[in-house]
Amino acid sequence: MIRMTIDTRQFPSPDRREPTITITQLAPDDWQVLRGLKLKSLEQEPIAFEDVKQARLKYTDRTETEWRDILSGKMSGGRAGEVFTVFAQDSFTESYVGMVSAIISENSKTATVQHMYVDNEGYRGRGIGRQLLRELIDRITAKGIQKIELQVVVTQEAAVGLYTSLGFKEVKRSKNAVQRGDAHYDEYEMELIIEKVE
């Protein structure tokens, strides 16, 4: 397993032993970690998914080779482009407690953030999402990306606040854009324009 420590600030763990949260990337051999986080996020944050049942089937039916390809930076479904994913690990428990990914279509200067997730069992509200997004932004802007975009359900207020604090601006609010069960929710489209440093 390849690990690269990015930030070693202290965050209290659920058991208050003050572990270090490490932002890292995973190797293809760690594909089960990615799969596990995706499935856990479905249980903890179902509002973020259009169809939880369909997403669960997609994640459980995806082959080991497909998961490995994603961790190698390849887009799923044979699409042309790249995937960047970073993970948060609790060094005390050695468990992975968050992740965020972005896709960049081939020949594009725009990245789309997908699957921002932090475990809600004692890890939210500790700055882990901010660490993950900052690292992701640094990595994809190093590839020449000029704009980062995302969509978020307006009722996910903590996520909206995080994105706004990092410079994302609301560019559109779509009324009743997403359906979760029988309920309809508005959705924000947000973007971050990357300032070129001369």
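As the structure is a prediction and not an experimental result, all values here were calculated from the model.

Conventions used here
Residues numbered from 1 in each chain as written. Predicted model: local features only at pLDDT ≥ 70, side-chain atom pairs only at ≥ 80, totals over all residues. Heavy atoms only, no water. Salt bridge = Lys/Arg side-chain N within 4 Å of Asp/Glu carboxyl O. Helix = DSSP H or I, 4+ residues; strand = E, 2+ residues; numbered from the N terminus. Buried < 20%, exposed > 50% of the residue type's maximum accessible area, 1.4 Å probe, protein only. Polar contact = N/O pair within 3.5 Å; in protein donor to acceptor, adjacent residues only side chain to side chain. Contact = heavy atoms within 4.5 Å. Pairing = 2+ DSSP bridges. Axes fitted to C-alpha atoms, helices over the stretch in contact; angles between N-to-C directions. Phe/Tyr/Trp six-rings, centres within 6.5 Å; stacked < 30°, edge-to-face > 60°. Lys NZ or Arg CZ within 6 Å of the ring centre and 35° of its normal. Expected span 1.5 Å × (residues − 1). Core = buried A, V, L, I, M, F, W, Y, C linked by side-chain atoms within 4.5 Å. Arc of directions from axis to C-beta.

**Overview of the pattern of salt bridges**
Two side chains that carry opposite charge are able to pair once their charged atoms sit near each other.
1) Next: Going through the model one piece at a time under the given rule, you end up with twelve salt bridges.
2) Next: For the salt bridge of E135 with R139, the shortest nitrogen-to-oxygen distance reads 2.8 Å. On the criterion of helical spacing, the pair formed by E135 and R139 is a turn pair, its members being four residues apart in helix α4 (residues 128–141).
3) Next: For R139, a relative accessible area of 18% puts it in the buried group.
4) Next: For the salt bridge of D186 with R173, the shortest nitrogen-to-oxygen distance reads 2.9 Å.

**Section: the side chain of H115**
1) Next: Position of H115 relative to the elements: it lies in strand β4 (residues 110–118).
2) Next: Residue classification places H115 among the buried positions, given a relative accessible area of 15%.
3) Next: Of the polar contacts made by the side chain of H115, one reaches the side chain of S41; its length is 2.8 Å.
4) Next: Apart from the residues within four sequence positions on either side, H115 is in contact with K38, S41, F49, Y59, M99, V100 and S101.

**A closer look at the sheet that holds strand β2 (residues 81–90)**
1) Next: An order of β1-β2-β3-β4-β5-β7-β6 is seen for the seven strands of this open sheet, with the pairing classed as mixed. Pairing within the sheet leaves two strands with one partner each, and these edge strands are β1 (21–24) and β6 (169–180). Pairs of neighbouring strands in the sheet enclose a mean axial angle of 20 degrees, with direction left out of account.
2) Next: Strand direction decides the pairing type here: strand β5 (residues 147–153) and strand β7 (residues 183–193), joined by seven bridges, are antiparallel. Across the sheet, residue V153 finds its bridge partner in β7, namely E187.
3) Next: Sheet contacts for α4: β1, β2, β3 (96–105), β4, β5 and β7; angle to β3, the most-contacted strand, approximately 30 degrees.

**So, the packing of aromatic side chains**
1) Next: One pass over the full model with this rule turns up three aromatic pairs.
2) Next: Aromatic side chains Y59 and W67 sit 6.0 Å apart centroid to centroid with 50 degrees between the ring planes, which places their arrangement in the tilted category. Judged on exposure class, the residue Y59 and its partner W67 are both buried.
3) Next: Ring geometry for F87 and Y96: centres 6.4 Å apart, planes at 80 degrees, overall edge-to-face.
4) Next: The residue whose ring lies beneath R62 is W67, and the NZ or CZ to ring-centre distance is 4.6 Å.

**Things to note about α4**
1) Next: For α4, with 14 residues, the first-to-last C-alpha span of 20 Å sits near the 20 Å given by 1.5 Å per residue.
2) Next: Where burial is concerned, most of α4 is hidden: ten out of the 14 residues are buried.
3) Next: Inspection of α4 places I128, G129, Q131, L132, L133, E135, L136, I137, R139 and I140 among the buried residues, and these make up the whole buried set.

**Observations regarding the nonpolar core**
Soluble globular proteins tend to bury their nonpolar side chains together.
1) Next: In this structure, I140, I148 and F168 are the most contacted members of the largest nonpolar core, which totals 34 residues.
2) Next: If you list the elements that add at least two residues to this core, you get β1, β2, β3, β4, α4, β5, α5 (157–165) and β7.
3) Next: Residue contributions to this core peak at six residues, all from α4.
4) Next: Contacts of F168, omitting those with residues within four sequence positions, involve I137, I148, L150, Y163, M190, E191 and L192.
5) Next: Within the second largest apolar cluster, 19 residues are counted, among which are M75, Y96, M99 and I103.

**Let's talk about helix α3 (residues 64–71)**
The periodicity of an α-helix, 3.6 residues per turn, causes residues three or four positions apart to be oriented the same way.
1) Next: For α3, the full list of buried residues reads W67, I70 and L71. For α3, the arc enclosing every buried residue in end-on projection is 100 degrees, short of the 170-degree limit, so these residues lie on one face.
2) Next: In this structure, the buried residues of α3 make contact with α1 (31–44), α2 (52–61) and β2.
3) Next: One or two residues past the end of α3 sits G73, with phi positive at roughly 100 degrees.

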